[in-house]
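Descriptive analysis of the structure
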Amino acid sequence: MTASYLNELQPSARLLLGPGPSSVHPRVLQAMTVPVIGHLDPDFFQVMNDIGDMLREVYHTSNVMTMPVSATGTGAMETACANILEPGDTMVVCRNGYFGIRLGNIAERCGARVYEVDSPWGQPVDPQALEDELSKHPRVKAVGVVHAETSTGVLTPLPDVLDVIRRHGAISIVDAVTSLGGHDMRVDEWGIDVCYSGTQKCLGAPPGLAPITLSENAMQVVKTRETPVQSFYFNLQDLESYWGQSRSYHHTAPISMTYALREALRMMMEEGIENRIARHARVAAALRAGLEALGLELLADPDYRLNPLTTVRIPDGIDDATVRGSLLRDYDIEIGGGLGEFRGKAWRIGLMGDSARDRNVLALLSALETILNANGYEVAYGSSLAAAQKALAAER
Ligand SMILES: *Cc1c(COP(=O)(O)O)cnc(C)c1O
């Protein structure tokens, strides 16, 4: 008997249509195989500069402090909170899903007094409710809001929310993990202070880096803190000296992941940011049309639906695990189950980054038709495909 760890690593070639990670283009995987160089090598500094330039384009910002944190999206959430908040500070967190709840949890662990503004799952953040909450508390240091709630499939329009935050003189912390590269994001125009994302969703690289950007104003808050940032690893002042002019060592950059991010961003520049956002919109419209043709109910408010991620109610009598298991086993397709309030009740279908392709929508719908029929939920074969094809044709 040979131990399984002696076998060559050969994971199945899955089509990743869940809430992340998304499928990674071969060009990005290829970039990870080029020689590893040192994190203080001038050639690597060029890679860092390229990434900074491209991230500023994607974020639509001129923020000098724009860099990837060596972590997944959650690490960027920690970075934002740990650097902006000091023990005893007050933060208001808008919660309309799982990731808003996580953001509040992290802020509390940073020692902040956290007040919540809750919206029902499936709805966006309500600027008036935020206004009312902010009016109750003097000196709110920061407000957290999730742009694209991956747990519910809802996009919160940011300009109105940011107006409220600015009027109350608070620092805005925006989670753009699922929106960056899939929806419009205008950090400077909308006046966002801190915005972070992750490589594994619409940016189209593997999980492992989390691009963050901070305005001058936000960096001023970080630099004039009275207490040191509790985290050594995520301390932005030290990270600024590595990513900025002095290039001094803080921790070893994940070299191969940085290559991957560079290639993923380069592909985005080639495609054009606007074109890429339009691609996400087109495939999402086709997916929604196909699901509705199957009589399935979409869970996000129709006026605020995310393109990179669609939530759909699991029909009565259909077992969540059976369907997702069959998709994975028989079709090599991964979709996500529900989180929090939606656990066992919803599927989460992601069309992010390189996964956001016409052919993937058709492959998923086709497989779903077969699986649903096999499980007693009768649908006419081809019905969802026809609806999706029609939606795709309308957008060409
Ligand atoms: C995925 C996600 C995160 C967390 O990212 P990880 O890569 O899982 O750490 C945070 N916020 C939102 C909105 C997300 O979708």
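So, here is what we can say about the structure in this document. (Residues numbered from 1 in each chain as written. Predicted model: local features only at pLDDT ≥ 70, side-chain atom pairs only at ≥ 80, totals over all residues. Heavy atoms only, no water.)

Regarding the overall build of the protein chain
Looking only at helices and strands, one finds 14 helices and 14 strands in the protein chain. Over its C-alpha atoms the protein chain spans a radius of gyration of 21 Å, differing by no more than 12% from the 21 Å that the globule rule assigns to 396 residues. Dimensions of the protein chain, computed from C-alpha atoms along their principal axes, come out at roughly 65 × 55 × 50 Å. Taking all 396 residues of the protein chain together, the buried fraction comes to 58%. Contacts spanning at least 24 positions in sequence make up 71% of the contacts within the protein chain whose residues lie at least 6 apart. Carbon and sulfur atoms form 50% of the exposed surface of the protein chain, whose accessible area is close to 16600 Å². Placing the 34 positive and 48 negative side-chain charges of the protein chain at their respective mean positions leaves the two points 2 Å apart. (Helix = DSSP H or I, 4+ residues; strand = E, 2+ residues; numbered from the N terminus. Rg over C-alpha atoms; globule rule 2.2 N^0.38 Å. Buried < 20%, exposed > 50% of the residue type's maximum accessible area, 1.4 Å probe, protein only. Contact = heavy atoms within 4.5 Å. Areas by Shrake-Rupley, 256 points an atom, 1.4 Å probe, with all protein chains shown as cover. Lys, Arg positive; Asp, Glu negative; His and termini not counted. Charge placed at Lys NZ, Arg CZ, Asp CG, Glu CD.)

Quick word on the site of the ligand
The local shell around the ligand holds 13 residues, among which Thr72, Thr74, Thr150, Gln200 and Lys201 are the closest. Within the complex, 90% of the 380 Å² of free accessible area of the ligand lies under protein. When residues of the shell around the ligand are assigned to their parent elements, the largest contribution, three residues, is made by helix 3 (residues 73–84). Among the residues making up the shell around the ligand, the classes are represented as five nonpolar, six polar and two charged. (Near = heavy atom within 4 Å. Nonpolar A, V, L, I, M, F, W, Y, C, P; charged D, E, K, R; others polar.)

A closer look at the sheet that holds strand 4 (residues 113–118)
Overall, mixed pairing links the seven strands, which are arranged 2-10-9-8-5-3-4 in an open sheet. Edge positions in the open sheet fall to strand 2 (65–69) and strand 4, since each of these has one partner strand only. Strand after strand, the sheet turns through a mean of 15° between neighbouring axes, direction not considered. As paired elements, strand 8 (residues 171–175) and strand 9 (residues 194–196) share three bridges and run parallel to each other. Residue pairing for strand 9: Asp175 is matched across the bridge by Tyr196. With respect to the sheet, helix 4 (residues 98–109) is in contact with strand 3 (90–95), strand 4, strand 5 (142–146) and strand 9, its orientation differing from that of strand 3 by roughly 165°. (Pairing = 2+ DSSP bridges. Axes fitted to C-alpha atoms, helices over the stretch in contact; angles between N-to-C directions.)

What to know about the nonpolar core
Grouped together as the largest cluster of nonpolar side chains are 87 residues, with contacts concentrated most on Leu130 and Met185. Not counting residues up to four positions away in its chain, the partners in contact with Leu130 are Val92, Cys94, Val117, Val143, Val161, Val164 and Ile165. Membership of the second largest hydrophobic core comes to 32 residues, among which are Leu15, Leu298, Leu327 and Ala388. (Core = buried A, V, L, I, M, F, W, Y, C linked by side-chain atoms within 4.5 Å.)

Examining the side chain of Asp354
With respect to the helices, strands and loops of the structure, Asp354 is situated in the loop between strand 14 (346–350) and helix 13 (358–374). You can call Asp354 buried: its relative accessible area is 15%. One polar contact links Asp354 to Arg357, side chain to side chain, over a distance of 2.7 Å. When neighbours within four sequence positions are excluded, Asp354 is seen to be in contact with Ser23, His25 and Asn360. (Polar contact = N/O pair within 3.5 Å; in protein donor to acceptor, adjacent residues only side chain to side chain.)

Describing the packing of aromatic side chains
Within this structure, the stated rule accounts for five aromatic pairs. Measuring from centroid to centroid gives 5.1 Å for Tyr98 and Phe99, while their planes differ by 80°, and the two rings are edge-to-face. On the numbers, 5.3 Å between centres and 70° between planes, the contact of Tyr233 with Phe234 is edge-to-face. We classify Tyr233 as partly exposed; its relative accessible area is 37%. For Phe234, a relative accessible area of 14% translates into the label buried. (Phe/Tyr/Trp six-rings, centres within 6.5 Å; stacked < 30°, edge-to-face > 60°.)

A few points about empty space enclosed by the protein
One pass over the full model with this rule turns up three cavities of 30 Å³ or more. Put simply, the largest cavity is a space of about 50 Å³. Together, Pro68, Ser70, Leu209, Leu239, Tyr242, Trp243, His251, Ala253, Pro254 and Thr258 line the largest cavity. For the lining of the largest cavity, the per-class residue count stands at seven nonpolar, three polar and no charged. (1 Å grid on protein atoms, 1.4 Å probe; cavity = no way out; pocket = protein on both sides within 12 Å on 5 of 7 lines; lining within 4 Å. Points joined across faces, edges and corners; volume = space filled by probe spheres on them.)

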